Amino acid sequence: MAGTAGVALATLVGLTGCASAAPAGTQPTLDPDEEVSITFTFWGNDVRAELYNEAIAVFEEQNPNIDVDIIFLAPTEYWEKRQIEAAGGGLPDVVTMDLAYLRQYSQNGSLLDLEPYLGSIIQTGPIDAQVLKAGVVDDVTTAVPLSTNSWGMFLNTTLLDELGVEPFTDGTWDDYYDWIAEVSAAGEAAGIDVWGGVDPNTRFTNF
C-alpha cells in the first residue's frame with residue numbers, strides 16, 4: 001500500500017541549463033534563421049531515451065535550422081563524464097542536471113545565467129513559480145525544471161494489522177515520528193524485531 005503521507009514532498013528530479021557564459025544583465029539577440037548545432041545530454045534508460053528522441057525530432061522539425069546532437073549515458077557514466085567536461089570548461093550546450101549537483105556546477109561557473117531568456121526564448125509560463133525557484137542558486141537562475149515528482153510511503157499493512165496499529169495516512173512530521181515510535185513499541189511488546197520506519201532526513205532534500 002502506498003500513501004503520500006508526510007514524506008511525499010514534491011521535489012525536482014530534472015533541470016536543464018546552458019553551459020556557456022554571456023554578459024550579465026544583457027538581453028540576447030539571436031538570428032532565428034542561423035544554422036546552428038547544439039549538444040544535448042541526459043541520462044536514464046531506453047524508455048527515457050525514446051521519449052527524448054521523439055521530443056527532439058519534433059523540435060528539429062519545427063526548427064529546421066537547429067541540429068541537436070544527442071549524448072545519452074547511464075547515470076554513473078553520465079556524472080563521471082560531466083565532471084571531466086566541467087573541469088575542462090567543455091560541458092555540452094544543454095545539460096540535464098540533477099538537483100543534487102546544481103549548486104556545485106553553478107558555483108564553479110559552469111552554467112549560464114538564464115534570467116535574460118526566461119519568459120521569451122525559454123517559455124516558463126506553465127511552470128509554477130515555486131517550482132521555478134528550484135533552479136536558482138545564490139539569486140541566479142542557472143537551470144529550468146523539467147518536471148516534479150512525489151515520493152510515496154509504502155506500508156506493510158499485514159504487519160500493522162498483526163501489531164494492531166493503524167496505518168499512517170497524513171499529518172505533520174512530528175505526527176509521523178510519533179507513529180514510527182508507536183509501531184516500534186508495538187513490535188517490542190509483541191516480541192517482534194521491527195522498526196517503525198526510517199529517518200526521512202537521510203534524503204538531503206527533506207533535510
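Residues numbered from 1 in each chain as written. Predicted model: local features only at pLDDT ≥ 70, side-chain atom pairs only at ≥ 80, totals over all residues. Heavy atoms only, no water.

Q: Which residues make up helix 2 (residues 75-87), and what values go with them?
A: Helix length check: helix 2 (13 residues) gives 19 Å between terminal C-alpha atoms against 18 Å at 1.5 Å per residue, within 8%. Regarding helix 2, the residues found buried are Tyr78, Trp79, Arg82, Glu85 and Ala86. For helix 2, the angular spread of buried residues about the axis comes to 125°, placing them on one side. Facing away from the buried side of helix 2, by more than 90 degrees, are the exposed residues Thr76, Ile84 and Ala87. Where helix 2 is buried, its residues meet strand 3 (36-43), strand 4 (66-73), strand 5 (94-97) and helix 3 (99-107). (Helix = DSSP H or I, 4+ residues; strand = E, 2+ residues; numbered from the N terminus. Expected span 1.5 Å × (residues − 1). Buried < 20%, exposed > 50% of the residue type's maximum accessible area, 1.4 Å probe, protein only. Arc of directions from axis to C-beta. Contact = heavy atoms within 4.5 Å.)

Q: Kindly report on unusual backbone geometry, identifying the contributing residues and their values.
A: Positive phi is not limited to glycine here, since aspartate 138 has a value of about 55°. On the secondary structure map, aspartate 138 appears in the loop between strand 6 (136-137) and strand 7 (140-141). Positioned with a positive phi, aspartate 139 is a non-glycine residue whose angle comes to about 65°. Inspection of the secondary structure puts aspartate 139 in the loop between strand 6 and strand 7. Classification of aspartate 139 by relative accessible area gives exposed; the value is 79%.

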